[in-house]
Amino acid sequence: MERSIKATLHETRERNERLVLATIYDQGPVSRADVARLTGLTRTTVSDVVEGLIASGLAREIGRGPSTGGKAPIWLEVPDRARLLVGVDLGDRVFTAATVNLRGEILQRVEVPSEDADGDEALGLAMQLIERVIAAADGPVLGIGIGAPGLVDSTDGTVVEAVKRNWRELPLGHLATERFSVPVHVANDSQAAALAEHVFTETRGANLIVIKVGQGIGAGVVLNGQLFQGDRFGAGEIGHTVMDPSGAVCRCGRRGCLETTASARAVITRLATLRGAPVSMEQAIADFERGDPQVCSIVLEAGTRLGEAVAGLIGALHVRRIVLAGTMAAFGEPWLQAVDAAASSRSLAALACDTTFELGRIDDIVVLGASALLMTRELGLSLRPLHSMPRPGLSVKEVAAEATVQAGVIPPLTVAERGGFAG
Ligand SMILES: [Zn+2]
């Protein structure tokens, strides 16, 4: 009985901490009185929590605001570098890791070629890369967010299956936590990309699909402002949907998966077969830009095949904004148009003309999305870039008018056992 009361008190304290921190982060600079009004918590509770946040470096006082009669209020903010996020993209061709501040700005970034690595070698490469970034970090590291290819159980950080890396049931999150002694969160790379696109473009709260087309193909789906992972975690895994049962053998063992016709790997393979020699992606892109008819035909055909699959998503979800990212996006507008045309011609006309396709324009989209995931789960904060912040000087009323204390893009996991925000 006593234990359960203790647990309840602990949970309440943690919930209050998250609420106050999120309010200062989203609305800062704000005074303690503003925080109390915006959260509905008592001033005493807010003062207590703020004291703890200041002690742990997650909040600081930045001077006094204008007086509204009485004593001028002391403004609070969350320092951009109160914690550093380590974001990791285990991409097809390179692994990238970076330290990122709490406003999504990349501070330091390293990458290493990863094209041919699989199994333990690929894992070792990823670990070394993370080690380098952490060693170079000049501030307290909150944890590590990793965007990994394949099917990822993001509740425990297990890579269930990543064909290219030959990983099966790889407990990536646990291994990295053991090695670096910080919390680690892992998500599928397309889902991480969708998070970043949601956070860094001015469409928060909207629906969105990001389709990442590299050597593999996956979609990340944001519905009502939240990453939608399905009943467990596999939502958006469209790459191994069989489109042509008599097609080419896929890496997964089946025939004619979408990846065998629409991925960067499919384009390079077809081109190499036609030319009788290996072709690099850089070469293919250069030839495409020069208008090489063979390359153009293969790339646009790949776009058409992708569009056929995307028509299914349009019909199932009626999400109006579809962003195409990944290596294939380097083929630009002509490829985008091929996807759009095929998807539109195979969707109900009323839905098709309501759907827009665009190319992703965020660099390091997976690194930033993985960082956003980490931040939400560990601090309960939904990453907000600086440009989306209310300007200092807005009245409390104006600030409060647009105040929605965000619970986060992804529902935070219970991290009660970690005991609040200390450290
Ligand atoms: Zn397959």
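This text goes with the structure placed above it.
Rules used throughout
- Residues numbered from 1 in each chain as written.
- Predicted model: local features only at pLDDT ≥ 70, side-chain atom pairs only at ≥ 80, totals over all residues.
- Heavy atoms only, no water.
- Helix = DSSP H or I, 4+ residues; strand = E, 2+ residues; numbered from the N terminus.
- Buried < 20%, exposed > 50% of the residue type's maximum accessible area, 1.4 Å probe, protein only.
- Contact = heavy atoms within 4.5 Å.
- Areas by Shrake-Rupley, 256 points an atom, 1.4 Å probe, with all protein chains shown as cover.
- Donors = N, O, S within 2.8 Å, 3.2 Å for Na, K, Ca; no water.
- Tetrahedral: all angles 85-135°; square planar, octahedral: opposite > 155°, others 65-115°.
- Expected span 1.5 Å × (residues − 1).
- Arc of directions from axis to C-beta.
- Axes fitted to C-alpha atoms, helices over the stretch in contact; angles between N-to-C directions.
- Parallel < 35°, antiparallel > 145°, perpendicular 65-115°, else oblique.
- Nonpolar A, V, L, I, M, F, W, Y, C, P; charged D, E, K, R; others polar.
- Phe/Tyr/Trp six-rings, centres within 6.5 Å; stacked < 30°, edge-to-face > 60°.
- Lys NZ or Arg CZ within 6 Å of the ring centre and 35° of its normal.
- Salt bridge = Lys/Arg side-chain N within 4 Å of Asp/Glu carboxyl O.
- Core = buried A, V, L, I, M, F, W, Y, C linked by side-chain atoms within 4.5 Å.
- Left-handed = near helix turned anticlockwise from the far one by under 90°.
- Pairing = 2+ DSSP bridges.

1. Details of the overall build of the chain
Consideration 1: A count of helices and strands for the chain gives 14 helices and 15 strands.
Consideration 2: Relative to its full complement of 423 residues, the chain shows a buried share of 52%.
Consideration 3: Expressed as a percentage of contacts within the chain between residues at least 6 apart in sequence, the contacts between residues at least 24 apart total 64%.
Consideration 4: As displayed, the chain has an accessible area near 18,500 Å², and 52% of this comes from carbon and sulfur atoms.

2. Quick look at the coordination of the zinc ion
Consideration 1: The protein atoms that coordinate the zinc ion are His-240 (ND1), Cys-250 (SG), Cys-252 (SG) and Cys-257 (SG), at distances spanning 2.0 to 2.3 Å.
Consideration 2: For the zinc ion, the four donor atoms in the first shell make angles of 102 to 122° at the metal, so the coordination geometry reads as tetrahedral.
Consideration 3: For the zinc ion, the single-chain donor residues occur in sequence as H-x9-C-x1-C-x4-C.
Consideration 4: The exposure class of Cys-250 is buried, given its relative accessible area of 7%.
Consideration 5: Accessibility expressed as a relative area gives 33% for Cys-252, which makes it partly exposed.

3. Regarding helix 3 (residues 43-55)
Consideration 1: With 13 residues, helix 3 should cover 18 Å at 1.5 Å per step; its first-to-last C-alpha distance of 18 Å lies within 8% of that length.
Consideration 2: Residues Val-46, Val-49, Val-50 and Leu-53 constitute the buried set of helix 3. The buried side chains of helix 3 occupy one side of the element, clustering within an arc of 105° when seen end-on. Turned more than 90 degrees away from the buried face of helix 3, the exposed residues are Thr-44, Glu-51 and Ala-55.
Consideration 3: One or two positions beyond helix 3, positive phi appears at Gly-57, with a value near 85°.

4. Some thoughts on the packing of helix 8 (residues 264-275) against helix 9 (residues 281-290)
Consideration 1: At a minimum axis separation of 10 Å, helix 8 and helix 9 run at an interaxial angle of 80°. As the angle between them shows, helix 8 and helix 9 are arranged roughly perpendicular. On helix 9, the residues touching Ala-264, Ile-268, Leu-271 and Arg-275 of helix 8 are Met-281, Gln-283, Ala-284 and Asp-287.
Consideration 2: The residue makeup of the contact of helix 8 with helix 9, split by class, is five nonpolar, one polar and two charged.

5. Observations regarding the packing of aromatic side chains
Consideration 1: Using the criterion set out here, one finds one aromatic pair in the structure.
Consideration 2: Arranged with centres 5.0 Å apart and planes meeting at 75°, the rings of Phe-288 and Phe-331 form a pair that is edge-to-face. Note that Phe-288 is positioned in helix 9 and Phe-331 in the loop between strand 14 (321-325) and helix 11 (332-345), a separation of 43 residues in sequence.
Consideration 3: Overall, the relative accessible area of 2% leaves Phe-331 in the buried class.
Consideration 4: Its end group placed over the ring of Tyr-25, Arg-103 keeps NZ or CZ at 3.7 Å from the ring centre.

6. Side note on the pattern of salt bridges
Consideration 1: Under the counting rule described, the total for this entry stands at 24 salt bridges.
Consideration 2: As a salt-bridge pair, Arg-384 and Asp-26 come within 3.5 Å of each other at their nearest N and O atoms. Of the two residues, Arg-384 sits in the loop between helix 13 (365-379) and helix 14 (396-401) while Asp-26 sits in helix 1 (residues 2-27), which places them 358 residues apart along the sequence.
Consideration 3: For Asp-26, a relative accessible area of 2% puts it in the buried group.
Consideration 4: The residue Arg-81 makes a salt bridge to Asp-138 at a minimum N-O spacing of 2.7 Å. With a gap of 57 residues between them, Arg-81 in the loop between strand 2 (74-77) and strand 3 (84-90) and Asp-138 in the loop between helix 4 (119-136) and strand 6 (141-148) connect regions that are remote in the sequence.
Consideration 5: Residue Asp-138 is classed as exposed on the basis of its relative accessible area of 56%.
Consideration 6: What you see here is one network of salt bridges that share partners, running through Arg-275, Asp-287, Arg-290 and Asp-292.

7. Brief notes about the nonpolar core
Consideration 1: Ranked by size, the top nonpolar core spans 48 residues in total, and within it Val-20, Ile-24, Leu-53 and Leu-102 carry the most contacts.
Consideration 2: Listing elements by their share of this core, those giving two or more residues are helix 1, helix 2 (32-39), helix 3, strand 4 (94-100), helix 6 (189-200), strand 11 (208-213), strand 14 and helix 13.
Consideration 3: Considering every element that reaches this core, the biggest residue donor is helix 13, with nine residues.
Consideration 4: Not counting residues within four places of it along the chain, the set of residues in contact with Val-20 comprises Val-35, Leu-41, Val-49, Val-50 and Leu-53.
Consideration 5: In terms of nonpolar packing, the next biggest core, distinct from the first, is built from 42 residues, Phe-288, Val-299, Ala-302 and Phe-357 among them.

8. With respect to the packing of helix 4 against helix 5 (residues 172-180)
Consideration 1: Following both chains from N to C, one finds helix 4 and helix 5 inclined at 40°, their axes separated by 11 Å at the closest point. Viewed along their axes, helix 4 and helix 5 adopt a mutual orientation that is oblique. Relative to helix 5, the crossing made by helix 4 is right-handed. Residues Leu-123, Met-127, Gln-128, Ile-130, Glu-131 and Ile-134 of helix 4 touch helix 5, and the partners they reach there are Leu-172, Leu-175, Ala-176, Arg-179 and Phe-180.
Consideration 2: Per-class residue counts for the contact of helix 4 with helix 5 are eight nonpolar, one polar and two charged.

9. A look at the sheet that holds strand 7 (residues 151-153)
Consideration 1: Pairing within the open sheet is antiparallel, and its three strands lie in the order 7-8-9. Two strands lie at the open edges of the sheet, namely strand 7 and strand 9 (167-170), each paired on one side alone. Each strand of the sheet is rotated relative to its neighbour by a mean of 15°, with strand direction disregarded.

10. What about helix 4?
Consideration 1: With 18 residues, helix 4 should cover 26 Å at 1.5 Å per step; its first-to-last C-alpha distance of 27 Å lies within 8% of that length.
Consideration 2: Contact partners of the buried residues in helix 4: strand 3, strand 4, strand 5 (106-113), strand 6, strand 9 and helix 5.

Shape is all these values report; function is a separate question.
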